Amino acid sequence: MAVDLGGIFRNSNGDWIVGFHKAGHAISPMHAELMALQEGLKIAREMNFQKLEIETDCAEIIKLIYEDNYYLSNIVHECRLLMHQLNLPPLRLNFIEGNEVAHVLAKEAVKNLSSTKCFYHARPPFFVESEVNKNKHGICNSTKFIPTTVWD
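Residues numbered from 1 in each chain as written. Predicted model: local features only at pLDDT ≥ 70, side-chain atom pairs only at ≥ 80, totals over all residues. Heavy atoms only, no water.

In this section: the overall build of the protein chain. Within the protein chain, the regular secondary structure consists of 5 helices and 6 strands. Ordered by position from the N terminus, the helices and strands of the protein chain form the series β-β-α-β-α-α-β-α-β-α-β. Carbon and sulfur atoms make up 52% of the accessible area of the protein chain, which totals about 8,800 Å². (Helix = DSSP H or I, 4+ residues; strand = E, 2+ residues; numbered from the N terminus. Areas by Shrake-Rupley, 256 points an atom, 1.4 Å probe, with all protein chains shown as cover.)

In this section: the pattern of salt bridges. With the rule as written, the count across this model stands at 2 salt bridges. Residues Glu39 and Lys22 are paired through a salt bridge, measuring 3.0 Å at the closest nitrogen-oxygen approach. Within this pair, whereas Glu39 is found in helix α1 (residues 29–46), its partner Lys22 is found in strand β2 (residues 16–25), the two being separated by 17 residues in sequence. With respect to burial, Glu39 and Lys22 carry one shared label: buried. A salt bridge links Arg92 to Glu53; its shortest N-O distance comes to 2.5 Å. One end of the pair, Arg92, is in strand β4 (residues 91–94); the other, Glu53, is in the loop between α1 and β3 (54–56), and 39 residues separate them in sequence. (Salt bridge = Lys/Arg side-chain N within 4 Å of Asp/Glu carboxyl O. Buried < 20%, exposed > 50% of the residue type's maximum accessible area, 1.4 Å probe, protein only.)

The next thing to look at is the sheet that holds strand β1 (residues 2–10). The antiparallel open sheet is built from 3 strands, whose spatial order is β1-β2-β5. In this open sheet, the two strands that pair with only one neighbour each are β1 and β5 (119–121). Direction aside, neighbouring strands of the sheet carry axes that sit 15 degrees apart on average. Here β1 runs beside β2; their pairing, made up of 9 bridges, is antiparallel. Bridge pairing in β2 links Ile8 to Gly19. Its contacts with the sheet place α1 against β1, β2 and β5, and it is angled at close to 40 degrees to β1. Against the sheet, helix α4 (residues 100–109) touches β1, β2 and β5, its axis set at about 135 degrees to β1. (Pairing = 2+ DSSP bridges. Axes fitted to C-alpha atoms, helices over the stretch in contact; angles between N-to-C directions. Contact = heavy atoms within 4.5 Å.)

All right, on to the packing of α1 against helix α3 (residues 73–85) then. Look at α1 against α3: their axes get within 9 Å of each other, and the N-to-C directions meet at 25 degrees. The angle between α1 and α3 falls in the class roughly parallel. In this structure, the crossing between α1 and α3 has a hand that is left-handed. Note on element contacts: α3 touches α1 through Ile75, Val76, Glu78, Cys79, Leu82, Met83 and Gln85, opposite His31, Leu34, Met35, Leu37, Gln38, Leu41, Lys42 and Arg45. Per-class residue counts for the contact of α1 with α3 are 9 nonpolar, 3 polar and 3 charged. (Parallel < 35°, antiparallel > 145°, perpendicular 65-115°, else oblique. Left-handed = near helix turned anticlockwise from the far one by under 90°. Nonpolar A, V, L, I, M, F, W, Y, C, P; charged D, E, K, R; others polar.)

The next thing to look at is the packing of α1 against helix α2 (residues 59–66). At a minimum axis separation of 10 Å, α1 and α2 run at an interaxial angle of 70 degrees. Here α2 runs roughly perpendicular to α1, going by the angle between their axes. Between α1 and α2, the residues in contact are Met30, Glu33, Leu34 and Leu37 and Glu60, Ile61, Leu64 and Ile65, respectively. When the residues that make up the contact of α1 with α2 are grouped by side-chain class, the tally is 6 nonpolar, no polar and 2 charged.

Encoded structure:
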């Protein structure tokens, strides 16, 4: 199935660092969520980001990453490896309302499904500016913290 992936990196003040979106193909919605996590982890490694905190609105992804299982094991293993390379950043659950910027970015990828190229945004594109401002000013600040441990 065709999927759209998106994510955002912010500093500790909530300011935009970089955003991304990419079209792809996945075998399930869970696979698509893992693909978005994997792409974000690759970008973080390439850009040498330090002291990351990762948020997702998909509790199942957190379970797949932190529990021993075999479902989608190849991409789960790749995400775990990338997390180890990034000094094991915490992976936290955020309500879907608090992750709206990533969803809007991902929807942009649908406009170019013929390409699997990842598009980077050094500044918030016009189509996410209002959501970025809402998030920065705490309008959608609804993070849940889950204690976690990564399996080797």
